[in-house]
Amino acid sequence: DSHVTAEAATVLTYVDAYRPEWNESEDTGWLKKWVANAYKSMTDEDFLAQLKTHPLTLSGIPAKRINEDMVDAALASNGKAIKYVPERFISTPERYAIAVDFGQKSLDELPSDMMSEAACLAFVHDQGRFLRYVPVAFRTLDVCLAAVRDDATAIDSVPEALRAEVEAIIATKG
């Protein structure tokens, strides 16, 4: 039964207005109600087991029931689950980096004490031109290399002290 609940909750996670393949006019409102009812009888341990294999079902778990272990299990399985993590649990530099990586936070939304090299790497890895928005203190060699590898024009935002080294590495290793 818990497997069926996990599968149904997963379907609801991936699509807001689920439509069955067999009959588009079929009313599927019962599915959402069924999952909500099943969730009422689930224990924290049930949710934890479900999140290890169906991490995006975090979206359907009532926020007041979510705990640190559930968040850890969901994020360990799929970083996209950060979308469903209640704000009170995005409380570490690692989780902020995941939020940046999956587009749930922008770099300017990070509290200064949550800023990290990992968040900056996530920010520039596929949008190197945004290196210019990374605080200078976090424009490390790795962050600058990731940015320049993605977009050669990012070299203009590399600190002078690192520019020659970045250029050399890019020239030899790509």
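Predicted model, so just to flag it, every value in this text is computed and none were measured.

1. Considerations on the overall build of the protein chain
Turning to step 1, where the next piece is worked out: What the protein chain contains, in helices and strands, is eight helices and zero strands.
Turning to step 2, where the next piece is worked out: The order of α-helices and β-strands along the protein chain, N terminus first, is α-α-α-α-α-α-α-α.
Turning to step 3, where the next piece is worked out: Across the protein chain, every contact between residues at least 6 apart in sequence was considered, and the portion connecting residues at least 24 apart equals 29%.
Turning to step 4, where the next piece is worked out: As displayed, the protein chain offers around 10000 Å² of accessible surface, 52% of which is attributable to carbon and sulfur atoms.

2. Comments concerning the side chain of Asp-151
Turning to step 1, where the next piece is worked out: With respect to the helices, strands and loops of the structure, Asp-151 is situated in the loop between α7 (141–150) and α8 (160–173).
Turning to step 2, where the next piece is worked out: Buried charge without a salt bridge: Asp-151, with Arg-129 as the nearest opposite-charge side chain at an N-O distance of 5.0 Å.
Turning to step 3, where the next piece is worked out: Beyond its immediate chain neighbours, meaning those up to four positions away, Asp-151 contacts Gly-128 and Arg-129.

3. Topic: the pattern of salt bridges
Turning to step 1, where the next piece is worked out: Applying the stated rule across the entire model yields five salt bridges.
Turning to step 2, where the next piece is worked out: Its salt-bridge partner being Asp-72, residue Arg-95 comes within 2.4 Å of it at the nearest N-O pair. Placement of the pair is Arg-95 in helix α5 (residues 93–101) and Asp-72 in helix α4 (residues 68–77), with a sequence separation of 23 residues.
Turning to step 3, where the next piece is worked out: On the basis of relative accessibility, which here comes to 6%, the residue Arg-95 falls in the buried class.
Turning to step 4, where the next piece is worked out: Residues joined in a network through salt bridges with shared partners are Glu-68, Asp-72 and Arg-95.

4. Brief notes about the side chain of His-54
Turning to step 1, where the next piece is worked out: Inspection of the secondary structure assignment puts His-54 in the loop between α3 (44–53) and α4.
Turning to step 2, where the next piece is worked out: Judged by relative accessible area, which is 12%, His-54 ranks as buried.
Turning to step 3, where the next piece is worked out: Side chain to side chain, His-54 and Thr-53 meet in a polar contact 2.8 Å long.

5. So, the nonpolar core
Turning to step 1, where the next piece is worked out: Val-85, Leu-107, Val-124, Leu-131, Val-134, Val-158 and Val-166 are the most contacted members of the largest nonpolar core, which totals 49 residues.
Turning to step 2, where the next piece is worked out: Elements that contribute at least two residues to this core include exactly α1 (2–14), α2 (29–40), α3, α4, α5, α6 (117–124), α7 and α8.
Turning to step 3, where the next piece is worked out: Ranked by residue count, the leading element in this core is α7, at six residues.
Turning to step 4, where the next piece is worked out: Excluding residues that lie within four positions of it along the chain, Leu-131 makes contacts with Val-124, Arg-139, Val-143, Cys-144, Ala-147, Ala-154, Ser-157 and Val-158.

6. So, the packing of aromatic side chains
Turning to step 1, where the next piece is worked out: As enumerated under the stated definition, the model contains three aromatic pairs in all.
Turning to step 2, where the next piece is worked out: When the ring of Tyr-39 is compared with that of Phe-47, the centres are 5.0 Å apart and the planes differ by 85 degrees; the resulting orientation is edge-to-face. Here Tyr-39 matches Phe-47 in class, with each residue buried.
Turning to step 3, where the next piece is worked out: Among the aromatic residues, those joined into a cluster by ring pairs are Phe-123, Phe-130 and Tyr-133.
Turning to step 4, where the next piece is worked out: Directly above the ring of Phe-130 sits Arg-129, whose terminal nitrogen or CZ lies 4.5 Å from the centroid.

7. Some points on the packing of α6 against α7
Helix packing for two helices is described by the angle between their axes and how far apart those axes are.
Turning to step 1, where the next piece is worked out: Two elements in contact, α6 and α7, have axes separated by 9 Å at closest approach and are oriented at 5 degrees. Here α6 is positioned roughly parallel relative to α7, judged by the angle of their axes. Counted together, Glu-117, Cys-120, Leu-121 and Val-124 of α6 and Asp-142, Val-143, Ala-146, Ala-147 and Asp-150 of α7 form the full contact between these two elements.
Turning to step 2, where the next piece is worked out: When grouped by side-chain class, the residues that make up the contact of α6 with α7 number six nonpolar, no polar and three charged.

8. A closer look at the environment of Asp-150
Turning to step 1, where the next piece is worked out: With respect to the helices and strands, Asp-150 occurs in helix α7.
Turning to step 2, where the next piece is worked out: Counting along the chain gives 22 residues from Asp-150 to Gly-128, while the straight-line C-alpha distance between them is 5.1 Å.
Turning to step 3, where the next piece is worked out: Leave out the neighbours within four places in its chain, and Asp-150 touches Val-124, His-125, Asp-126, Gln-127 and Gly-128.
Turning to step 4, where the next piece is worked out: Side-chain polar atoms of Asp-150 contact the backbone nitrogen of Gly-128, separated by 2.6 Å.

The rules behind the values
- Residues numbered from 1 in each chain as written.
- Predicted model: local features only at pLDDT ≥ 70, side-chain atom pairs only at ≥ 80, totals over all residues.
- Heavy atoms only, no water.
- Helix = DSSP H or I, 4+ residues; strand = E, 2+ residues; numbered from the N terminus.
- Contact = heavy atoms within 4.5 Å.
- Areas by Shrake-Rupley, 256 points an atom, 1.4 Å probe, with all protein chains shown as cover.
- Buried < 20%, exposed > 50% of the residue type's maximum accessible area, 1.4 Å probe, protein only.
- Lys, Arg positive; Asp, Glu negative; His and termini not counted.
- Salt bridge = Lys/Arg side-chain N within 4 Å of Asp/Glu carboxyl O.
- Polar contact = N/O pair within 3.5 Å; in protein donor to acceptor, adjacent residues only side chain to side chain.
- Core = buried A, V, L, I, M, F, W, Y, C linked by side-chain atoms within 4.5 Å.
- Phe/Tyr/Trp six-rings, centres within 6.5 Å; stacked < 30°, edge-to-face > 60°.
- Lys NZ or Arg CZ within 6 Å of the ring centre and 35° of its normal.
- Axes fitted to C-alpha atoms, helices over the stretch in contact; angles between N-to-C directions.
- Parallel < 35°, antiparallel > 145°, perpendicular 65-115°, else oblique.
- Nonpolar A, V, L, I, M, F, W, Y, C, P; charged D, E, K, R; others polar.

No statement about biological role is implied by the geometric values presented.
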